[in-house]
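For reference, the chains in residue letters:
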Amino acid sequence: MNNKGELCIGMAGAGRATELHMEGLKRFSGVPICLKHIIARREEQVMAAKKRYGYKFASLSFDNLLNDSEIDIIDICTPPYIHSKMIEQALKAGKHVICEKPLTGYFGEFGDGEPIGLQVTKSKMYETVLKDLEDLKKIVLSSNKKFMYAENFVYAPSVVKAAEILHKKKSKILFAKGEESLKGSSSPVAGEWNKTGGGTFMRTGTHPLSAILWLKQQEALARNEKIFVTNVLADMSQITPNLSEYEHRHIDAHPNDVEDCGIVILSFSDGTKATLIATDTLLGGSKNYIELYCNDVVIDCRITMSDLMSTYFLDEENLENVYISEMLPSKLGWNKLFLEDEVIRGYADEMRDFIESVYYDREPKAGFQLAYDTTKLIYASYLSAELGKVIKFNNFSINPIKDWWAGNVIYKI
């Protein structure tokens, strides 16, 4: 902390993830904070972010965050191919870490054929990622600092309310379904495996995957059961390259060696199932939901698009700076607006939990084990799709130790 008793934050990155974290942070004032230093790769970008968010300093060097003794928390919002290195450096420098999803992935090694998504086997990727995860786990465990996984779906109000219902009714989730789909990505490198570590399932499928894993944790806790992921079966496809140039005009997906459609089926040790969907083929905004079919209740968590407000526009005059929804190509006609987006999608409560976890020295709701499990399952899904068969696990535990709203959640590692 600085001499004013404020928690000081250092931000790595100045893109969309940074924007979402900062918008969430603006809505929380329970702990005094200092926005100390922001870094990014491009000077024009980082200086604009410094001005927009109110950081005291801006630069192009991550070392400036590591070497600043006042900085308590480093928020990593960079592309995922440098997450592992930054996590290691930050923890060894004595900083608490917030890491945007995904935790890590496979981004290529010396001698790999190009493009790696087509030339490198998913078995090699899976084994390499597992080793990376184990190395990160040792670093996190050897540190006395917090690791906070920025998975916003876990903090979305509808998902949190679903967890409360599961706890109170002790319901059994018989089948779960989750999806995040949109019309592609605004990132120019979204189609390249060596930059993203995968396609749409890595970029967006990670959200419903983590949320359903977390909800199964809450079910296990409420019912005093042990629940494990026993196997995964997946299909990963490229659909949009089959379109003509004219047919492709409304879709922003341009996959080179990654998938633009991912479908994953999880099996759990209690005989229940979950299906995850992620596509770059959805027009009209982004679609995010979790559905739970339980023995005594059905829970439908509609994260976006919501029904809080609808508009009908005949033209877009004077609407240039009016935010309607994410990935919306046009504001004409009927649209469902994203109201309180930072709250509905969980970013405000996510950042509140992270800041309070450091300030009050408690464990975050979304910690390292959730990040570990999600990443492992993503790459097991890629392996399943390549081999065309089920990938089985011996003991894939998803059980938390303590009730997250009665105290701390500490995930087994």
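Residues numbered from 1 in each chain as written. Predicted model: local features only at pLDDT ≥ 70, side-chain atom pairs only at ≥ 80, totals over all residues. Heavy atoms only, no water.

1. What about the overall build of the protein chain?
Moving on, step 1. Scanning the protein chain from terminus to terminus reveals twelve helices and 15 strands.
Moving on, step 2. Against the compact-globule benchmark of 22 Å for 413 residues, the protein chain has a radius of gyration of 21 Å, which places it among compact chains.
Moving on, step 3. In terms of overall dimensions, the protein chain has C-alpha extents of about 55 × 55 × 50 Å along its principal axes.
Moving on, step 4. Across the 413 residues that make up the protein chain, the buried fraction comes to 57%.
Moving on, step 5. For the protein chain, the accessible surface area stands at approximately 17,800 Å², while carbon and sulfur atoms represent 51% of it. (Helix = DSSP H or I, 4+ residues; strand = E, 2+ residues; numbered from the N terminus. Rg over C-alpha atoms; globule rule 2.2 N^0.38 Å. Buried < 20%, exposed > 50% of the residue type's maximum accessible area, 1.4 Å probe, protein only. Areas by Shrake-Rupley, 256 points an atom, 1.4 Å probe, with all protein chains shown as cover.)

2. What to know about the sheet that holds strand S1 (residues 7-12)
Moving on, step 1. The six strands lie next to each other as S3-S2-S1-S4-S5-S6, forming an open sheet whose pairing is parallel. Strand pairing shows two members of the sheet lacking a second neighbour, strand S3 (57-59) and strand S6 (147-150), which therefore form its edges. Sheet twist, expressed as the mean angle between neighbouring strand axes with direction ignored, is 20°.
Moving on, step 2. Two strands pair when backbone bridges link them, and strand S4 (residues 73-76) and strand S5 (residues 96-100) are joined in this way by four bridges, in the parallel orientation. Opposite Ile74, over in S5, you have Val97 as the bridge partner. (Pairing = 2+ DSSP bridges. Axes fitted to C-alpha atoms, helices over the stretch in contact; angles between N-to-C directions.)

3. Thoughts on helix H12 (residues 368-387)
Moving on, step 1. In this model, H12 (20 residues) spans 29 Å end to end at C-alpha, consistent with the 28 Å of a helix rising 1.5 Å per residue.
Moving on, step 2. Taken across its 20 residues, H12 has 17 buried, putting it largely inside the fold.
Moving on, step 3. Following H12 by one or two positions, Gly388 adopts a phi angle in the positive range, close to 70°. (Expected span 1.5 Å × (residues − 1).)

4. Things to note about the pairing of S6
In the case of a regular strand, side chains alternate between the two sheet surfaces.
Moving on, step 1. Alternating positions in S6 separate into two faces, Phe147 and Tyr149 on one and Met148 and Ala150 on the other, with burial throughout.
Moving on, step 2. Relative to S6, S5 runs parallel, the two being bridged by four bridges. Across the sheet, residue Glu100 finds its bridge partner in S6, namely Ala150.

5. A few points about the packing of helix H9 (residues 200-223) against H12
Moving on, step 1. One can describe the packing of H9 onto H12 by two numbers: an axis separation of 10 Å at closest approach and a directional angle of 125°. In terms of their interaxial angle, H9 and H12 are classed as oblique. Relative to H12, H9 is oriented so that their crossing is right-handed. On H12, the residues touching Phe201, Met202, Thr206, Leu209, Ser210, Leu213 and Trp214 of H9 are Leu370, Asp373, Thr374, Leu377, Ile378, Tyr379 and Tyr382.
Moving on, step 2. A breakdown of the residues in the contact of H9 with H12 according to their chemical character gives ten nonpolar, three polar and one charged. (Parallel < 35°, antiparallel > 145°, perpendicular 65-115°, else oblique. Left-handed = near helix turned anticlockwise from the far one by under 90°. Contact = heavy atoms within 4.5 Å. Nonpolar A, V, L, I, M, F, W, Y, C, P; charged D, E, K, R; others polar.)

6. What about H9?
Moving on, step 1. Counted at 1.5 Å a residue, the expected span for H9 with its 24 residues is 34 Å, and the 34 Å between its end C-alpha atoms agrees.
Moving on, step 2. At Thr206, H9 shows its maximal kink, close to 45°; a proline, Pro208, follows between one and four residues later. (Bend = angle between axes of the 7 residues up to and from the residue.)

7. Describing a negative patch on the surface
Moving on, step 1. Residues Asp315, Glu316, Glu317 and Glu320 make up a contiguous surface patch of negative charge.
Moving on, step 2. Its place among the elements puts Glu316 in the loop between strand S13 (310-313) and strand S14 (333-336). (Patch = residues over 30% accessible without salt bridge, like charges linked within 9 Å, V, L, I, M, F, W, Y side chains within 5 Å. Salt bridge = Lys/Arg side-chain N within 4 Å of Asp/Glu carboxyl O. Lys, Arg positive; Asp, Glu negative; His and termini not counted. Charge placed at Lys NZ, Arg CZ, Asp CG, Glu CD.)

8. Overview of the packing of aromatic side chains
Moving on, step 1. In this structure the tally under the stated criterion is ten aromatic pairs.
Moving on, step 2. Where Tyr312 meets Trp334, the ring centres are 5.4 Å apart and the plane angle is 55°; that geometry is what we call tilted. Remark: Trp334 occurs in strand S14 and Tyr312 occurs in strand S13; sequence separation between them is 22 residues.
Moving on, step 3. What makes Trp334 exposed here is its relative accessible area of 62%.
Moving on, step 4. Counting every residue linked through ring pairs, the aromatic cluster contains Phe147, Phe368 and Tyr372.
Moving on, step 5. Positioned over the ring face of Trp193 is Lys122, at 4.9 Å from the centre of the ring. (Phe/Tyr/Trp six-rings, centres within 6.5 Å; stacked < 30°, edge-to-face > 60°. Lys NZ or Arg CZ within 6 Å of the ring centre and 35° of its normal.)

9. Comments concerning the pattern of salt bridges
Moving on, step 1. Scanning the entire structure with this criterion turns up 36 salt bridges.
Moving on, step 2. Measuring nitrogen to oxygen at the nearest pair gives 3.5 Å for the salt bridge that ties Arg16 to Glu326. Taken together, the residues Arg16 in helix H1 (residues 16-26) and Glu326 in the loop between S13 and S14 connect sequence positions 310 residues apart.
Moving on, step 3. Judged by its relative accessible area of 36%, Arg16 is partly exposed.

10. Focus on the environment of Phe57
Moving on, step 1. Looking at the element boundaries, Phe57 is found in strand S3.
Moving on, step 2. C-alpha separation for the pair Phe57 and Val46, spaced eleven residues apart in sequence, amounts to 9.7 Å.
Moving on, step 3. For Phe57, the residues in contact, after removing those within four places along its chain, are Lys36, His37, Ile38 and Lys50.

11. Remarks on the confidence of the model for the protein chain
Moving on, step 1. Averaged over every residue, the pLDDT of the protein chain is 92; the share at 70 or more is 95%.
Moving on, step 2. Scored below 50 in pLDDT, residues 399-413 makes 49 contacts in the model with residues more than four places away or belonging to other chains. (pLDDT = per-residue confidence, 0-100.)

12. A closer look at unusual backbone geometry
Moving on, step 1. A cis amide bond, omega -5°, links Glu114 with the succeeding residue Pro115.
Moving on, step 2. With respect to the element layout, Pro115 can be found in the loop between S5 and helix H5 (116-119).
Moving on, step 3. Put simply, Thr304 and Met305 share a cis peptide bond, and its omega is 0°.
Moving on, step 4. Residues other than glycine seldom take positive phi values, yet Lys170 does so here, at roughly 55°.
Moving on, step 5. Within the secondary structure, Lys170 is located in the loop between helix H7 (157-169) and strand S7 (173-181).

13. Some points on the nonpolar core
What tends to happen in soluble globular proteins is that the nonpolar side chains get buried as a cluster.
Moving on, step 1. Membership of the largest hydrophobic core comes to 104 residues, with the highest contact counts inside it found for Leu103, Phe147, Leu215, Leu266, Leu292 and Tyr379.
Moving on, step 2. It is H12 that contributes the most residues to this core, ten residues altogether.
Moving on, step 3. Among all residues touching Tyr379, those that are not within four sequence positions of it are Thr104, Gly105, Tyr106, Met125, Tyr126, Val129, Trp193, Gly197 and Met202. (Core = buried A, V, L, I, M, F, W, Y, C linked by side-chain atoms within 4.5 Å.)

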